[in-house]
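Working through the structure, step by step
In case you want the letters, here they are:
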Amino acid sequence: MRKRDTRSYLKGLNEMKLLIFELKKMIFDKKFLYLSLILIAGVSLLFFRNLLFESYIEREEQQKIDSYILTSQSHKTGYEVVLESKPDDEAMQLLYALNNEMLDRLLQIRNLISSEDWQSKLLLENEFLQYTKEFKDNDGSFPIPNEEIEETIAMNSKLLEENIRPEHPTYTTALPNFLKIITGLFVNLGAIIIIFLFVGDILSTEFENRSIQFLYTQPLNKLSIVSSKWISSVLAYLFIVVMIYGTTIGLCLAFGDAGTFNYPVLIELNYQLEFITTREYIQQSAIIVSVTVLLVISLNILYSLLFKHTLASMFATVGTLLIGYLLTFIPWRFLFWFNPFQYVIGDARIYNQNITDWYQGVAVGLFISIIIFTVSLLRIKYSKIES
């Protein structure tokens, strides 16, 4: 019994040493260091771009308003010509009156572009958009889509209701809003690409370098080879998350604005415009992207065991993700409960919840990841050393 206990203890110690060895090998690898520096530099460049482009925001808004004013003034001239020959044309009179109201609001908005009175600006913008919607409903033509009108009115009303200063959706340095931008990039293929770059070859290189044969001859449970690779990959993902978000938070606290995590995010829920907070968006995205990454890690390890080649295992993983994602175009609500690949482009599941809820694929994603990991363990357990 003592010999058996000692043997088990030594085997467990060796397996722990293997995990530590895998972590050290990954962390001190030049590729890991260079990729980490590239990610930090990427986040920093994106932030300082936003910081430098703050003046551009005002200029962009000025150009947009000026173009609307020119369009409205052109309509006004045309309607005046028509009304001179047809003064009793009621339809033309209505369009002329609505256009005048739109032009009046646009001129007032232009005067407030540089003002700190954002509440008045949003109120005027909503009035302008409401007149524009009525104008278009009466066969008037104006270069703002109806969908954009409805969404902008809803967002402005929510900001006024919550007394939250509006932030530019792209060029912002407010902590919650910039975090949302980074999260959006991360949850939309970003995390998958990063995981491939960091740990896509974590197991396949053992076969390519034939170092797997050395591991097979060590006093180790072969299952620990796969489990150490899987745990190392998960820890690498957690490190990446801490690094990216740590850099983001540090930059925003040092050079940006505090903002608020209650900033509204507009979504479609059962074909109605609804709001969630930026905090909820980040939380939901974190769950979605974590499930996706676990699935990618598990798939990549399984395919590495099957194909024993980095490119082959990566292509197989990408192909599986693509085929699974294509199934999301089948408009069958029940199917989303069984398809974890719907999160390949993750924020689509958050923004568009007309036929599905954002969380429907989470449980099956975790379950399938566990199944794939278990299959990988069985695969290596019964594998033999190749000559």
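Higher on the page you've got the structure.
To keep things clear, this report deals only with the structure shown in the data block. Note that the structure is a prediction, hence the values are computed from the model and not measured.

1. Quick notes on the packing of aromatic side chains
- This model, assessed by the stated rule, comprises 21 aromatic pairs.
- Feature note: the residues F47, F48, F178 and F255 constitute an aromatic cluster, connected by ring pairs.
- When the ring centre of Y216 is taken as origin, the NZ or CZ atom of K222, which lies over that ring, is 5.1 Å away.
- In this structure, K308 packs its charged tip against the face of F207, placed 5.4 Å from the ring centre.

2. Some details on empty space enclosed by the protein
- Counting across every chain of the model gives one cavity of 30 Å³ or more.
- Computed from the structure, the largest cavity encloses a volume of approximately 30 Å³.
- In terms of lining, the largest cavity is formed by I195, V199, S233, V296, I297, N300 and I301.
- Elements with a contribution of two residues or more to the lining of the largest cavity: α8 (190–199) and α12 (278–307).
- Counting residues per element, the lining of the largest cavity draws most heavily on α12, at four residues.
- Considering only residue class, the lining of the largest cavity consists of five nonpolar, two polar and no charged.

3. As for the packing of helix α2 (residues 30–52) against helix α11 (residues 223–255)
- Packing of α2 against α11 leaves a shortest axis separation of 10 Å and a crossing angle of 30°. Regarding the angle of α2 to α11, the classification is roughly parallel. For the crossing formed where α2 meets α11, the hand is right-handed. Here F32, S36, L39, I40, V43, S44, F47, F48 and L51 of α2 lie close against α11, whose contacting residues are A236, F239, I240, M243, I244, T247, T248, L251, C252 and F255.
- When its residues are assigned to classes, the contact of α2 with α11 shows 15 nonpolar, four polar and no charged.

4. With respect to the sheet that holds strand β1 (residues 264–269)
- Strand order in this open sheet of three strands is β2-β1-β3, and the pairing throughout is mixed. Strands with a single pairing partner mark the edges of an open sheet, and in this sheet they are β2 (272–277) and β3 (352–353).
- Relative to β2, β1 runs antiparallel, the two being bridged by six bridges. Paired with L266 across the strands is F275, a residue of β2.
- Against the sheet, α12 touches β1 and β2, its axis set at about 85° to β2.

5. Focus on unusual backbone geometry
- Positive phi values are uncommon outside glycine, yet N163 reaches one of about 55°.
- Examined against the element boundaries, N163 turns out to sit in the loop between α6 (146–162) and α7 (175–187).
- The exposure class of N163 is exposed, given its relative accessible area of 54%.
- A positive phi angle, near 65°, is found at Y271, a position not held by glycine.
- Here Y271 lies in the loop between β1 and β2.
- Judged by its relative accessible area of 58%, Y271 falls in the exposed class.

Conventions used here
- Residues numbered from 1 in each chain as written.
- Predicted model: local features only at pLDDT ≥ 70, side-chain atom pairs only at ≥ 80, totals over all residues.
- Heavy atoms only, no water.
- Phe/Tyr/Trp six-rings, centres within 6.5 Å; stacked < 30°, edge-to-face > 60°.
- Lys NZ or Arg CZ within 6 Å of the ring centre and 35° of its normal.
- 1 Å grid on protein atoms, 1.4 Å probe; cavity = no way out; pocket = protein on both sides within 12 Å on 5 of 7 lines; lining within 4 Å.
- Points joined across faces, edges and corners; volume = space filled by probe spheres on them.
- Helix = DSSP H or I, 4+ residues; strand = E, 2+ residues; numbered from the N terminus.
- Nonpolar A, V, L, I, M, F, W, Y, C, P; charged D, E, K, R; others polar.
- Axes fitted to C-alpha atoms, helices over the stretch in contact; angles between N-to-C directions.
- Parallel < 35°, antiparallel > 145°, perpendicular 65-115°, else oblique.
- Left-handed = near helix turned anticlockwise from the far one by under 90°.
- Contact = heavy atoms within 4.5 Å.
- Pairing = 2+ DSSP bridges.
- Buried < 20%, exposed > 50% of the residue type's maximum accessible area, 1.4 Å probe, protein only.

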